[in-house]
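One letter stands for each residue in the lines below.
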Amino acid sequence: HHLNMPKDRETSCWECHRDMFLPTDIFNHESHVAQMNGNSGCAKCHKDPSLPKTRETSARCEECHEDMLVKGSLVRAPKNSADYVAVGYMSAMHELCIDCHKKKQSEQPKRLPVEITRCAWCHAEGEARDLRKEQTK
């Protein structure tokens, strides 16, 4: 799951992290307008008519898309999700994988070696990668 690259649709990561290195704007305004009957749907996201209609004054994604964040996931939405930007794929993996690996290794120390918490675990090549696969079967 971790080594799937952008555009690899085996995981849902690609939906937001579409570039290996660059942040991705994950909000598609045109799509929302089309799905909410054109301009007549603006008030669903831009609730205060006295404010300018900007990302900063719109509703948060989670208000309509409750299922976006999986319960129990280590992935957390930023406190101010109004910028609607997902970090590049590599940053997402680096920010998430170490904490997840530490958690899994502490939960299953007999099954998962402590090496799973180190950089070389994911960045292994050739025989080292093959050995890693064997260790976690």
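Our structure's up above, just so we're on the same page.
Residues numbered from 1 in each chain as written. Predicted model: local features only at pLDDT ≥ 70, side-chain atom pairs only at ≥ 80, totals over all residues. Heavy atoms only, no water.

Describing the side chain of Gln-105
Thinking step 1. Position of Gln-105 relative to the elements: it lies in helix α3 (residues 89–107).
Thinking step 2. Take Gln-105: its relative accessible area is 15%, and that puts it in the buried class.
Thinking step 3. Apart from the residues lying within four places of it in its own chain, the contact partners of Gln-105 are Leu-112, Pro-113, Val-114, Ile-116 and Thr-117. (Helix = DSSP H or I, 4+ residues; strand = E, 2+ residues; numbered from the N terminus. Buried < 20%, exposed > 50% of the residue type's maximum accessible area, 1.4 Å probe, protein only. Contact = heavy atoms within 4.5 Å.)

What to know about α3
Thinking step 1. The end-to-end C-alpha distance of α3, which contains 19 residues, comes to 26 Å, matching closely the 27 Å that a straight helix rising 1.5 Å per residue would cover.
Thinking step 2. Its maximal kink placed at Cys-97, α3 deviates by approximately 30°.
Thinking step 3. What α3 keeps buried is the set Tyr-89, Ala-92, Met-93, Cys-97, His-101 and Gln-105.
Thinking step 4. Where α3 is buried, its residues touch α4 (119–122). (Expected span 1.5 Å × (residues − 1). Bend = angle between axes of the 7 residues up to and from the residue.)

Side note on unusual backbone geometry
Glycine aside, a negative phi is what most residues show, and trans is what most peptide bonds show.
Thinking step 1. You will see that Asn-37, though not glycine, has its phi angle at about 60°, which is positive.
Thinking step 2. Following the sequence through the fold, Asn-37 ends up in the loop between α1 (29–35) and α2 (42–45).
Thinking step 3. When its relative accessible area of 64% is taken as the criterion, Asn-37 is described as exposed.

Focus: the side chain of His-17
Thinking step 1. Here His-17 is to be found in the segment before β1 (24–25).
Thinking step 2. At 2.6 Å, the side chain of His-17 and the backbone oxygen of Val-87 are in polar contact. (Polar contact = N/O pair within 3.5 Å; in protein donor to acceptor, adjacent residues only side chain to side chain.)

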